[in-house]
Each structure stands twice: as C-alpha cells, then as structure tokens.
Amino acid sequence: MFRMLIINPGSTSTKIAVFDDLNPVFVETLRHSSEELAPYNTIFEQYEFRKGVILNALKEKNIPLESLNAVVGRGGLLKPIEGGTYIVNERMLEDLKIGVQGQHASNLGGVIAYEIAKSLNIPAYIVDPVVVDEMDEIARISGMPEIQRKSIFHALNQKAVAKRYAKEKGKKYEELNLIVAHLGGGISVGAHRKGRVVDVNNALDGEGPFSPERTGSLPVGDLVKMCFSGKYTLEEMKKKITGKGGLMAYFGTNDARDVKKMMDEGNKEAELVYKAMAYQVAKEIGMCATVLKGEVDAIILTGGLAYGKEFVEWIKERVSFIAPVVVYPGEDEMLALAEGGLRVLRGEEPAKEYK
Ligand SMILES: Nc1ncnc2c1ncn2[C@@H]1O[C@H](COP(=O)(O)OP(=O)(O)O)[C@@H](O)[C@H]1O
Ligand SMILES: CCCC(=O)OP(=O)(O)O
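Scoring rules and cut-offs
- Residues numbered from 1 in each chain as written.
- Chains lettered and ligands numbered in written order.
- Predicted model: local features only at pLDDT ≥ 70, side-chain atom pairs only at ≥ 80, totals over all residues.
- Heavy atoms only, no water.
- UniProt positions renumbered as here; feature names shortened; annotations may be inferred.
- Helix = DSSP H or I, 4+ residues; strand = E, 2+ residues; numbered from the N terminus.
- Polar contact = N/O pair within 3.5 Å; in protein donor to acceptor, adjacent residues only side chain to side chain.
- Contact = heavy atoms within 4.5 Å.
- Pairing = 2+ DSSP bridges.
- Axes fitted to C-alpha atoms, helices over the stretch in contact; angles between N-to-C directions.
- Near = heavy atom within 4 Å.
- Areas by Shrake-Rupley, 256 points an atom, 1.4 Å probe, with all protein chains shown as cover.
- Nonpolar A, V, L, I, M, F, W, Y, C, P; charged D, E, K, R; others polar.
- Domains from an automatic or database assignment.

- The name that an unreviewed UniProt entry assigns to the protein chain is Probable butyrate kinase, with the source organism given as Caloramator fervidus.
- Check the Catalytic activity (unreviewed entry) section of the UniProt entry for the protein chain; it says "butanoate + ATP = butanoyl phosphate + ADP".
- Per UniProt, the protein chain has the following entry under Sequence similarities (unreviewed entry): "Belongs to the acetokinase family."

Below, the structure written as structure tokens:
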C-alpha cells in the first residue's frame, strides 16, 4: 500500500487529500476569499500560507508526515508538455518559481510537493499540469503572426471527467467527441476529439468566457486604448485581466454564491452579470461544436460553478440542441492526481522527466 499526500492549489481554494492507494483517507477543500489572498502581490508570496494550510490539515487529521510515501501536486505554468506523471526536478522547480508561462496558484502545487517530499526523502510528482498541449495546428493561429494561441486550461479535471463519462457509457475516451466546460475560478472549455484536446481557450490570460476572477476575451481595440491611456501600469492591467476581472471586478467577490445571493435579494446587475457568464460559456461551447464539426457525443459541465442549479440551467437551455448535457459538479482532480502518482509508485509506468 502506498500513502500519498495530494496538493491542489486553485485560484480560489486549496484542495488537500491523503490517499492510501486509491482510497481517500480524507479530502478537504479550503476556500480562500479574495480578502484572504489580497495581501499577497505574487503567487509565490502565497507559498508559506498555502503550505501552512496543508500541514495544519495533516496535523488536524493526525496523519504523521512520516507515513507518506510520495507527494503529488497539481502542476503549473511550465513549458507546453504532453500529459502524464512527471517527477518534480530542479528544472521544473525553477520554471514553476519564475512562472515560465505566467503566474497561477497551480505553480505552488509542484513547489510545495517538492519541499515537503524533500524533507521526508520521498518523491514528488505532478500530473497533467495546466500546460498540457494537444492543440491542432490550425487552432494555434491567432490572426496576428506575433501571437500564437496557447493551451492553458484545467487539463487534469477536463481529462478526468471526460474519462469518467466514457467509463460510465462503457466506451473508451479515445472513441468519443466531447466538449468539457470546467467552471471554476477560471473557466476553460475544451473540444476533446477522440482523446485529444484539440482546441481550448487559454483560461488564464484573457481568452474565452469571463469567470469569477478573470475577464476572458475582451474587445481588443478598447483594451489597447486602455493600456496606452497612461492610467495603468502593466502589472495593474495584468491583474485586471487575471485575478481582479469577471465577478471580482463587478462585485468585489470571486464567490459566485455571493452573487447568487445578491440576485435573489433583487439586485438586477447581479442577475445580468451572472446570466452573462453562463451566456458566454454557452457561446464557447457552441464554438467547440464547430471545431468538432457538429459530431458531439456529450457536453460535460464541471467545476465549482456547476453546483449552481440556475447557472447550469442557463447554459443547458442554450446548448442542449448540440448534444446531451452531463453535469459533474466539483472536480475529479484529487483522485486523478492519486491515480497518476500510484501508476508510477507501482511501477506501471515510468515518471516522465521535465526538460
Ligand atoms: N453551490 C455553489 N453554487 C454556485 N457556485 C458555487 C457553489 N460552490 C462553489 N461555487 C463557485 O465555484 C467557484 C470555484 O470553483 P472551483 O472549481 O472550486 O475553483 P478553483 O479550483 O478554480 O479554485 C467559486 O466562484 C465558487 O463560488
Ligand atoms: C491556469 C488554468 C487553470 C485555472 O484557471 O485554474 P483555476 O480555476 O483553479 O484558477
């Protein structure tokens, strides 16, 4: 039996679990409000806070660190790589620390996993990081030669729920065409063609639907004017797009439940913006249907926002004509991380090396 600590830092939460093989000993989601994270200017500044939260959870559950055989973290903004389980090595650590493709909480997954594992002399892994890249060449063309579209998305959960759906239908993931919308702090909508995510919006950096804390795509001309208005620094503009965009910008909260409450209390702006977020998700799903030439076996809605019944209904009413809609609220990421770690610990596959 192998005992693994699983670490999954998201933009609005830290998810922690301990698995004995594939049996969860405990799984916990600690949500972080925007106020709680406000004092930290960079993701890396959150290191001690997030690590502390993880070590406290282990202490509270009376799980001795020495009982662990490996630590598995959600992987961050590395260079584009193929999916799979990677050993955390020095080169990866460096790229996670500098944020070679940007800043996101998942960068801390590998770093914290490495630090905890190092002190125990056990291995640290990451699985299917947010930079898994299976995009078709045609999808990379942006319309401006200097800019290429990038694959940055909830690869771990999108793949995990797509495989779960396939299993439930008695099919192979590689036999199906699926559209998966991960609705979390960031939102990504991916076109999965026969087991490959051939197109997906960059969920981090100004593409796709707006989300609890991101703007998604914006009218480019207006954005350029704002950038050159002299009112904002580069850092301020970046924060407006990622971290302080979307629901945060309109209402000062990244918690969709707060916005729902405002809507229920009669706030018309809250209703309009919450509905607009669902509208943009539906439009993105429609785009993915064209990528798959209309041959779509199912549309899967997942992530924290998929717990919102109205939110799901607003999407469904616009996309149900494309294919059956299946809802898996929350995520399957913790089990997917444990599965990825265990395959390597059991010697079923070698850990990949990040170069
Ligand atoms: N019951 C619910 N109804 C509506 N939204 C919810 C519910 N539970 C969580 N959420 C929203 O889901 C979002 C976080 O999703 P999650 O997938 O956990 O994010 P991340 O992993 O990116 O931090 C937050 O905006 C949160 O308010
Ligand atoms: C960086 C892409 C994945 C993402 O947006 O994750 P969160 O929703 O956890 O912020």
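A closer look at the side chain of Thr 85
Right, on to step 1. Note that Thr 85 resides in strand E5 (residues 85–87).
Right, on to step 2. Polar contacts involving the side chain of Thr 85 include one to the main-chain carbonyl oxygen of Gly 340, which spans 2.9 Å.
Right, on to step 3. Sequence-distant contacts of Thr 85, that is, excluding residues within four places in its chain, are made with Tyr 125, Ile 126, Val 127, Gly 340, Gly 341, Arg 343, Val 344, Glu 349, Ala 351 and Lys 352.

Things to note about the sheet that holds strand E11 (residues 325–329)
Right, on to step 1. Strand order in the open sheet formed by 5 strands is E9-E8-E7-E10-E11, with mixed pairing between adjacent strands. A strand with exactly one partner marks an edge of an open sheet, and here the two such strands are strand E9 (196–200) and E11. Across the sheet, the mean angle from the axis of one strand to that of its neighbour is 25°, orientation sign disregarded.
Right, on to step 2. Relative to strand E10 (residues 298–303), strand E7 (residues 177–183) is paired through 5 bridges, and the arrangement is parallel. Note on E10: the bridge partner recorded for Ile 179 is Ile 299.
Right, on to step 3. Each of E7, E10 and E11 touches helix H12 (residues 309–319); the most contacted strand, E11, lies at about 160° to it.

Brief notes about the site of ligand 1
Right, on to step 1. Neighbouring ligand 1 are 20 residues, the closest being Thr 12, Gly 185, Asn 254, Asp 255 and Ala 256.
Right, on to step 2. Between an oxygen atom of ligand 1 and a main-chain N or O atom of Gly 185, the distance comes to 2.9 Å.
Right, on to step 3. Taken by itself ligand 1 offers 580 Å² of open surface, and the protein chains cover 90% of this.
Right, on to step 4. Contributions of two or more residues to the shell around ligand 1 are made by strand E2 (13–20) and helix H10 (256–264).
Right, on to step 5. Along the lines of polarity and charge, the residues of the shell around ligand 1 split into 5 nonpolar, 11 polar and 4 charged.
Right, on to step 6. Counting contributing residues per domain, the shell around ligand 1 is built from domain 1 (3–134 + 334–353) and domain 2 (167–329), each supplying no fewer than three.

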